[in-house]
Amino acid sequence: MKKRRNPSETMFQLLNYAVFALFTLACVFPFYYIFINTISDNHLVKTGKILLLPSGIQFSNYLQVFQLRGLGNAAFISVARTVLGTLFTLVGSCFLGYTLSKGEMWQRKFWYRFVIITMYFNAGLIPWYVTMKNLGLTNNFWAYVLPGIVSPFFLILFKTYVESIPASLEESAQLDGAGYMVRFVRIVLPLATPIIATIAVFASVGQWNSFLDTVFLMRQSKFFTLQYVLYQYLNEVNAVAATLRNSPTAQHLDPSKLLSPASIRMTISMVVVLPILFVYPFFQRFFVKGIMIGAVKG
Amino acid sequence: MLQSDARQHGIQRRTGIVKQFVGMRPGTKLFLLSAPFLLLVFIFSYLPLYGWIYAFFEYRAGLKIFETKFIGFKYFLSLVNNPVTASEIVRVLRNTFVMSFLGILTSWMPVAFAIFLSEMRSKKIRGIIQTLSTLPNFISWILVYSVVWSMFSVGDGFLNRLLLTLNLVDTEINFLASTEHVWLTMLGYQIWKGLGWSAIMYLAAITSIDQEQYEAATVDGAGRFRCIWHITVPGLMPTYFVLLLLSIANFINNGMEQYFVFQNPMNKAFIEVLDLYVYNKGMIGNNIPYATVVSMLKSIVSIVLLFTANKMSKSVRGESIL
């Protein structure tokens, strides 16, 4: 469909492009700004010279922040919870989504509501915390994984997708004597790879970004995640900078490499955001697909 | 001998169980397969309801419930009788309502974003804008805080550096210490983070609108804005309505991550929403019975809101949102 080109049309298009360009810039520029500040000469950063372009490029900030106590361990915890949490939620939410898609399931409607309503309703923070404590899930790595095994949102995504697979495929396997487990593994899962990928992406981003569960449940620093450590450093960054400056390795560093509080903040922020920036362009289409399937039902 | 006997016996027993399982009605079988996962849902989402009894006892962390004194409705009554808590609750409810209301008030923005984006001619640029503008949705609120800080802070913030370089100001402006417009600032961060993402659903809905309608309207002499107003907007209304109902159902659940990260002693009076208040009272202040009372009432109100929204959805659309 070709539209006539007239002055008002051109004006409209220009204005439209301009507004969107501005908003998009506002979404992306902060990350760029933080990045150039972490790779530039720290002396220039400190005196406020780095505005739009990096200068005196160096990467020692990244090496230095990983000497901060706890950061390596926090990175390990973050990766571990992302990997395990994603795997477990895939198994739990997909399998339950499958069984709840079957009309012959005993009291199917009741159990479906039983799961879905937890999206909107919970007992409240304090009763939940006391329960977690009684279950031994405070200061325990599994507190990051177990509560997320059945996620109502992922369950809906999977169930909706499975219901669109022609029933005849499963029926023929059923005639060959395949039980539910065999059909789930051999027939449903291979056909559902697009939605599994979507759920995996959602789940891993969610796990990576998750932060409040550490605040609520963890007191021991060996369970802190990168997000939590970043939060701590954002709040007490001056003290951290002093420790780093006085550390034996930092004594003989030249001023261009010396970390200021600002460079620490920005460098850790980059460490936390880089994994997402890397995977994001590849995964974006999965997100879009997921939100569209999810839109079918709440 | 004995061992192999035992093993054989074990195998027999196991095949017995398997046989029993195979012979079961499919419905029961499915239920048994799902049971472990349903149990997890029960443990993590329903078991905590038991904790509501802490609202009626003088409970302190680490004690057993029977060691503590039964106090009945003392903390429920303190919500209205005690002037200090009453004024706190009023303030917290005000913040909660204002934030949710602002959210609903700006809920047209993703619709407009999607409509104007789809009016763009170049498909490639459209894709790029869509990708880049959804990016902030995938970072945590802590990173948003870090981003805000590196944009607006004194000394290292981009905006102050820019203003100084352009000689527009002599001394840096401390944007972040301002306690004015806390609500609008928080709303602004929410829009920055979520606008592009929320628009995706509407973009999808736009592509499913029948293109022939536009062609017919254009033939009849309708311009761009008439097409948008009479075809696109009505086409998006069902989606908008569902999302609006969901935000009504979540009116008092505005979460706490954002407010937790951005709270400081200066803006606390404006930023403390219900969820954050419960956290500050119960986990920082250690007043478990009182915090339980507040979260209990909140849960009850939110389930009422949910069923109201569901009923509205059923009567207007003939479809439930549950």
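Quick notes on the rules
- Each chain has its residues counted from 1, following the order in which its sequence is written.
- Throughout, the order in which chains and ligands are written sets their labels, letters from A for the former and numbers from 1 for the latter.
- Only residues with pLDDT of at least 70 are given local features in this predicted model, and only at 80 or more are side-chain atom pairs given and counted; all residues enter the totals for whole chains, interfaces and linings.
- With hydrogens and water excluded, all non-hydrogen atoms of the structure serve as input to the side-chain values.
- Exposure categories follow from relative accessible area, calculated using a 1.4 Å probe and restricted to protein chains: below 20% of the type maximum is buried, above 50% is exposed, and the middle band is partly exposed.
- Runs of E in the DSSP output that reach at least two residues are strands. Runs of H or I that reach at least four are helices, and both are numbered from the N terminus.
- Note on definitions: a residue-residue contact is assigned when non-hydrogen atoms from the two residues lie within 4.5 Å.
- For patch building, the residue pool is restricted to those with more than 30% relative accessible area and no salt bridge; the joining distance is 9 Å between like charges and 5 Å between nonpolar side chains (Val, Leu, Ile, Met, Phe, Trp, Tyr).
- A 1.4 Å probe and the Shrake-Rupley method give the accessible areas. Residues count as covered only by the protein chains that appear here.
- The term salt bridge refers to a pairing of a side-chain nitrogen on Lys or Arg with a carboxyl oxygen on Asp or Glu at a separation within 4 Å.
- By the counting rule applied here, Lys and Arg register as positive and Asp and Glu as negative, while His and the ends of each chain are not counted.
- Charge positions come from single atoms, namely NZ of Lys, CZ of Arg, CG of Asp or CD of Glu.
- Domain start and end points were adopted from an automatic or database domain assignment.
- In this description, buried area is defined as the sum, over both parts, of the accessible area (probe of 1.4 Å) that is lost when the two are combined.
- Values of pLDDT, ranging from 0 to 100, describe the predictor's confidence in every residue of the model.
- Polar contacts here mean pairs of N or O atoms no more than 3.5 Å apart (in protein, one a potential hydrogen donor and the other a potential acceptor; neighbouring residues in sequence count only if both atoms are side-chain atoms).
- Each residue is assigned to one of three groups, with Ala, Val, Leu, Ile, Met, Phe, Trp, Tyr, Cys and Pro labelled nonpolar, Asp, Glu, Lys and Arg labelled charged, and all others, Gly among them, labelled polar.
- To define axes, lines are fitted to C-alpha atoms, for helices over the stretch in contact only, and angles between the resulting N-to-C directions are given on a 0 to 180 degree scale.
- An angle below 35 degrees is treated as roughly parallel, one above 145 as roughly antiparallel, one from 65 to 115 as roughly perpendicular, and anything else as oblique.
- Stacked, edge-to-face and tilted labels apply to pairs of Phe, Tyr and Trp rings (six-membered ring for Trp) whose centres lie within 6.5 Å, assigned for plane angles under 30 degrees, over 60, and everything in between, in that order.
- We count a charge as sitting over a ring when the NZ of a lysine or the CZ of an arginine lies within 6 Å of the ring centre and within 35 degrees of the ring normal.

## Some remarks on helix α5 (residues 108-116) of chain A
Then, in step 1: Inspection of α5(A) places Trp111(A), Tyr112(A), Phe114(A), Val115(A) and Ile116(A) among the buried residues, and these make up the whole buried set.
Then, in step 2: Looking at the buried residues of α5(A), the elements they touch are α4 (71-99) and α7 (152-163) of chain A together with α2 (26-46) of chain B.

## Focus on a positive patch on the surface
Then, in step 1: Judged by side-chain charge, Lys109(A), Arg113(A), Lys311(B) and Lys314(B) come together as a positively charged surface patch.
Then, in step 2: Among the secondary structure elements, those contributing two or more residues to the positive patch are α5 of chain A together with α15 (288-317) of chain B.
Then, in step 3: Counting through the fold element by element, Lys314(B) comes out in helix α15.

## Details of the domain arrangement of chain B
Interfaces are often described in size by the accessible area the parts lose on coming together.
Residues and elements named next belong to chain B.
Then, in step 1: Parsing chain B into structural domains produces domain 1 (2-56) and domain 2 (81-317).
Then, in step 2: The distance between the C-alpha centroids of domain 1 and domain 2 comes to 43 Å.
Then, in step 3: Each partner contributes to the interface: domain 1 provides five residues, whereas domain 2 provides seven residues.
Then, in step 4: When domain 1 packs against domain 2, close to 470 Å² is buried across both sides, 84% of that on carbon and sulfur atoms.
Then, in step 5: On the domain 1 side of the interface with domain 2, the three residues burying the most area are Trp 52, Tyr 54 and Ala 55, jointly 90% of the side's total.

## Here's the deal with unusual backbone geometry
Residue and element names in this part refer to chain A.
Then, in step 1: The residue Gln 107 is not glycine, and still its phi comes out positive at about 55°.
Then, in step 2: Of note, Gln 107 is situated in the loop between α4 and α5.
Then, in step 3: One non-glycine residue, Asn 139, lies in the positive phi region at around 50°.

## A few points about the confidence of the model for chain A
Then, in step 1: Scored by pLDDT, chain A comes out at a mean of 85, with 87% of its residues at no less than 70.
Then, in step 2: Model confidence for chain A, summarised as mean pLDDT per element, is weakest for helix α14 (residues 248-251) of chain A at 55 and strongest for α4(A) at 95.

## Focus: the interface of chain A and chain B
Then, in step 1: Contacts between the two partners involve 90 residues from chain A and, on the opposite side, 88 residues from chain B.
Then, in step 2: Across the chain A/chain B interface, buried area totals approximately 8700 Å², and carbon plus sulfur atoms make up 76% of it.
Then, in step 3: Taken together, chain A and chain B are joined by two salt bridges.
Then, in step 4: Inspection of the chain A/chain B interface yields 18 residue pairs in polar contact (both at pLDDT 80 or more).
Then, in step 5: For the side of chain A that touches chain B, the class distribution of residues is 65 nonpolar, 18 polar and seven charged.

## As for the packing of helix α6 (residues 125-134) of chain A against helix α14 (residues 274-284) of chain B
Then, in step 1: In the contact formed by α6(A) and α14(B), the axes pass within 9 Å of each other and the chain directions differ by 40°. For the element pair α6(A) / α14(B), the angle class is oblique. Contacts between α6(A) and α14(B) involve Leu125(A), Ile126(A) and Tyr129(A) on the former and, on the latter, Val278(B), Tyr279(B), Gly282(B) and Met283(B).
Then, in step 2: For the contact of α6(A) with α14(B), the class distribution of residues is six nonpolar, one polar and no charged.

## Observations regarding the packing of aromatic side chains
Then, in step 1: Throughout the structure, instances matching the rule amount to 49 aromatic pairs over all chains.
Then, in step 2: Both rings, one in Phe114(A) and one in Tyr46(B), keep their centres 4.4 Å apart while their planes meet at 5°; by these two values the pair is stacked. Taken together, the positions of Phe114(A) in helix α5 and Tyr46(B) in helix α2 put the pair across two chains. There is no split in this pair, since Phe114(A) and Tyr46(B) are both buried.
Then, in step 3: Ring plane angle 50° and centroid distance 5.9 Å describe the contact between Phe153(A) and Phe154(A), whose orientation is recorded as tilted.
Then, in step 4: The positively charged end of Arg265(A) is found above the aromatic ring belonging to Trp149(B), 3.7 Å away from the centroid.
Then, in step 5: Lys193(B) extends its terminal NZ or CZ atom over the ring of Trp141(B), reaching a point 5.2 Å from the ring centre.

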